[in-house]
Amino acid sequence: MYSISNINTQNNNLFASFKLNDAHGTATNSKPNSGYRVRTYNREISNADKTKAFLGSAIGTALPLLLMIKKQKIKNPLKLKYGMWDMVGVSASSIAGGVSFGLINEEKSVQKNRLKEGFFQFLNAAIPTWVVGGAISLCENSEKHNTKTFKFLSVIGGLLVGMYGSAAIANLITDPKDKYPDRKLTPKDALANIDDGIGALALAKIPMLDKLNISGILPLIYTACGYRAGKSN
């Protein structure tokens, strides 16, 4: 099911260990002659893949939200208050749901890829949140740095450190012998992780942004995160 080939990694920055398919669904490789092996998969993402991933992710997002609504004793889910562990829990549940449904009736090769993608997505959601949460906590416990400016800088810095750190950890764990090219973060990847940024800003509780209630759209973004993981090939 996989084709083994070589690839030059010096100019390949976008998730180098996973190749893009051409219009016919056949994996392509235009950079030969390097020491890395690259796994490619020749099956396009079907509507069934997308449906399973969406249903699983939506259910996985809804369950922790229902528990939060009950705990906070509110009726409007848009008024939910998220702490750091709430964000980690909802994102983990949405990813677990999307991946779990995505594994149904699939070959082992596809299941393995989706499990790895789910692991990567979870680290990419959780680690930046932890880093930002710690940085904001330091700001709030400092008389000098407990300002909107330092909190905002903490969010930006925490996201950068967390995203690159999570990618490094995911590469190390999923490929400990370094047989395949590492996944590289690019601006496109950063856009795909907008959920981290919005979650971090909600966690920072910057007055102007807090009034916009940006945390209200977190469930939709976490659902999208689980959906991406659940339909990945």
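Let us look at the structure shown here. Per chain, residues are indexed from 1 in the order of the written sequence. Local features in a predicted model are, by the rule used here, given only for residues with pLDDT of at least 70; side-chain atom pairs are given and counted only at 80 or more, and totals for whole chains, interfaces and linings are based on all residues. Side-chain numbers here rest on the full set of heavy atoms in the structure, without hydrogens or water.

**Quick word on the nonpolar core**
Considering soluble globular proteins, one finds that nonpolar side chains tend to be buried as a cluster. By convention a nonpolar core is built from buried Ala, Val, Leu, Ile, Met, Phe, Trp, Tyr and Cys residues, the set being connected through side-chain atoms within 4.5 Å. Think of it in three bands: residues with accessible area under 20% of the maximum for their type are buried, residues over 50% are exposed, and the middle band is partly exposed, with areas taken using a 1.4 Å probe on protein chains only. Core analysis: the largest hydrophobic core is formed by nine residues, namely Leu-65, Met-68, Ile-69, Leu-80, Tyr-82, Met-87, Val-90, Leu-218 and Tyr-222. Numbering of helices and strands starts at the N terminus; helices are DSSP runs of H or I of at least 4 residues and strands are runs of E of at least 2. Those elements giving two or more residues to this core turn out to be helix 1 (47–72), helix 2 (84–102) and helix 8 (218–231). Counting residues in each nonpolar core, the second largest holds five residues, with Phe-120, Leu-123, Ile-127 and Ala-170 among its members.

**A look at the packing of helix 3 (residues 108–140) against helix 4 (residues 148–174)**
One can describe the packing of helix 3 onto helix 4 by two numbers: an axis separation of 7 Å at closest approach and a directional angle of 145°. The way helix 3 lies across helix 4 gives a crossing that is right-handed. Its residues assigned to classes, the contact of helix 3 with helix 4 comprises 19 nonpolar, six polar and three charged. Angular values range over 0 to 180 degrees, each being the angle between N-to-C directions of two axes fitted as lines to C-alpha atoms, with helices fitted over their stretch in contact. Working rule for handedness: look at the near helix, and if it is turned counterclockwise from the far one by less than a right angle, call the crossing left-handed; if clockwise, right-handed. Three classes are used, and their members are as follows: Ala, Val, Leu, Ile, Met, Phe, Trp, Tyr, Cys and Pro are nonpolar, Asp, Glu, Lys and Arg are charged, and the others, Gly among them, are polar.

**As for helix 2**
With 19 residues, helix 2 should cover 27 Å at 1.5 Å per step; its first-to-last C-alpha distance of 27 Å lies within 8% of that length. Every buried residue of helix 2 is accounted for by Met-87, Val-88, Val-90, Ser-91, Ser-94, Ile-95, Gly-97, Gly-98, Val-99 and Gly-102. Expected span of a helix, by definition, is 1.5 Å for each gap between consecutive residues, and there is one gap fewer than residues.

**What to know about the packing of helix 2 against helix 8**
The N-to-C vectors of helix 2 and helix 8 enclose an angle of 35°; their axes lie 7 Å apart at closest approach. Considering only the axes of helix 2 and helix 8, their crossing is right-handed. Residue-level contacts link Met-87, Val-90, Ser-91, Ser-94, Ile-95, Gly-98, Val-99 and Gly-102 of helix 2 to Leu-218, Tyr-222, Thr-223, Cys-225, Gly-226, Ala-229 and Gly-230 of helix 8. Per-class residue counts for the contact of helix 2 with helix 8 are eight nonpolar, seven polar and no charged. Residues are treated as being in contact if the distance between any of their heavy atoms lies within 4.5 Å.

These figures come from the coordinates and say nothing about function on their own.
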